[in-house]
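Here's the letter readout for the chains.
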Amino acid sequence: MAGLSCSLGAWFPRRRGLGLLLGGLSGRRGARSGCERREERVYLKDATGRYISPFHDVPLYAVNDQVLFNMVVEVPRWTNAKMETWEDPHHKDKTTNCCGDNDPIDVCDIGSKLCSCGEVIQVKPLAALALIDEGEMDWKIIAINKEDPDSDKFNNIDDIRKYRPGYLEATLNWFRLYKIPDGKPENQFGFNGEFKDQAFAIDVIKSTHESWQSLIYNKTERGEINCKNVSITDSPFHCSQEEAEAIVRSAPACGEVKSIPEEVNKWHFLGK
């Protein structure tokens, strides 16, 4: 997994994040409501200016730190456009008996800093929630941006309860209900909706990273996932920088800017 993902919303990359599968080198995104599909592509470059895959070329660990992980921001706070995106759909989680949802593992950053879509930040995992989305395992990692002013206060799940009272309960309730406006049933949870601690969260990240390694070395079924990368030289999907640049150049030209449909800003009120 090259890193983690979300800010609600972001995701962890390769060496993986709230869950975004930018297919190889680009991503497609659309609002989460039933409005018209809108396309947008986000391309990432490393510090040397080379195009990279946000899914496969961003290291999981931040500077070899086994506690800080890289996270790729997918859905900045107060927005709802979601990248269409790995939790292995063929791997059954031993703790929940459910298979993965075929997306990168999701992360909820509880920090106060607003980040941009595609931004890579370093986060400290604090807890994990076992969301079961229509029968598929969809882990949510609760973490905090290391650049947050309060980052040093947060080192485990109890610190969330102390310094962000009500946050875990509100998060659980949101993930339980957020698909109801689309006519879908409430989401279910493993462990009866209990948030697991930091050690458990890190184990989940490492487990999904192992699944990603099987993916990138073609040892598991990848379906339609694009595994092209520029940094893993012994991967059968490794490509040159010239190939990566060609992919970017082949993208459709920018079209007319369209206004955001009003439906995106619609509020939904649910009874108890």
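Calculation notes
- Residues numbered from 1 in each chain as written.
- Predicted model: local features only at pLDDT ≥ 70, side-chain atom pairs only at ≥ 80, totals over all residues.
- Heavy atoms only, no water.
- pLDDT = per-residue confidence, 0-100.
- Helix = DSSP H or I, 4+ residues; strand = E, 2+ residues; numbered from the N terminus.
- Contact = heavy atoms within 4.5 Å.
- Phe/Tyr/Trp six-rings, centres within 6.5 Å; stacked < 30°, edge-to-face > 60°.
- Buried < 20%, exposed > 50% of the residue type's maximum accessible area, 1.4 Å probe, protein only.
- Polar contact = N/O pair within 3.5 Å; in protein donor to acceptor, adjacent residues only side chain to side chain.
- Pairing = 2+ DSSP bridges.
- Arc of directions from axis to C-beta.

Draft legend 1. Just the confidence of the model for the chain, in detail. Here the chain shows a mean pLDDT of 80. Residues at 70 or above account for 76%. Mean pLDDT values for the elements of the chain range from 36 in strand S3 (residues 28–31) up to 97 in helix H1 (residues 157–163). Per-residue pLDDT stays below 50 along residues 1–37; that stretch engages in 254 contacts with residues further than four places along the chain or on separate chains.

Draft legend 2. Summary view of the packing of aromatic side chains. Applying the stated rule across the entire model yields nine aromatic pairs. Ring geometry for Tyr 43 versus Tyr 51: centroids 6.3 Å apart, planes at 75 degrees, classification edge-to-face. Using a relative accessible area of 25% as the deciding quantity, one classes Tyr 43 as partly exposed. With 4.6 Å between their ring centres and 5 degrees between their planes, Trp 174 and Tyr 178 make a pair best called stacked.

Draft legend 3. Fine view of the side chain of Ser 151. Checked against the element boundaries, Ser 151 lands in the loop between strand S11 (136–145) and H1. Given a relative accessible area of 5%, Ser 151 falls into the buried group. Beyond its immediate chain neighbours, meaning those up to four positions away, Ser 151 contacts Lys 124, Ile 144, Asn 145 and Lys 146.

Draft legend 4. Examining the side chain of Asp 57 more closely. Tracing the backbone through its elements, the reader meets Asp 57 in the loop between strand S5 (51–52) and strand S6 (61–62). Only 3.1 Å separates the side chain of Asp 57 from the backbone nitrogen of Val 230, close enough to count as a polar contact. Among the polar contacts listed, one links the side chain of Asp 57 to the side chain of Ser 231, at a separation of 2.5 Å.

Draft legend 5. View of the pairing of strand S9 (residues 106–109). Along S9, one buried face is formed by Asp 106 and Cys 108 and the opposite face, lined by Val 107 and Asp 109, is buried too. Both S9 and S11 contribute to a ladder of four bridges, which runs parallel. Following the sheet pairing, Asp 109 is matched in S11 by Ala 143.

Draft legend 6. Looking closely at helix H4 (residues 241–249). Where H4 is concerned, the buried positions are Gln 241, Ala 244 and Val 248. Axial view of H4: buried residues confined to an arc of 60 degrees, hence all on one face. Those residues of H4 that are exposed and angled more than 90 degrees off the buried face are Glu 242 and Arg 249. For H4, the secondary structure elements touched by its buried residues are S5.

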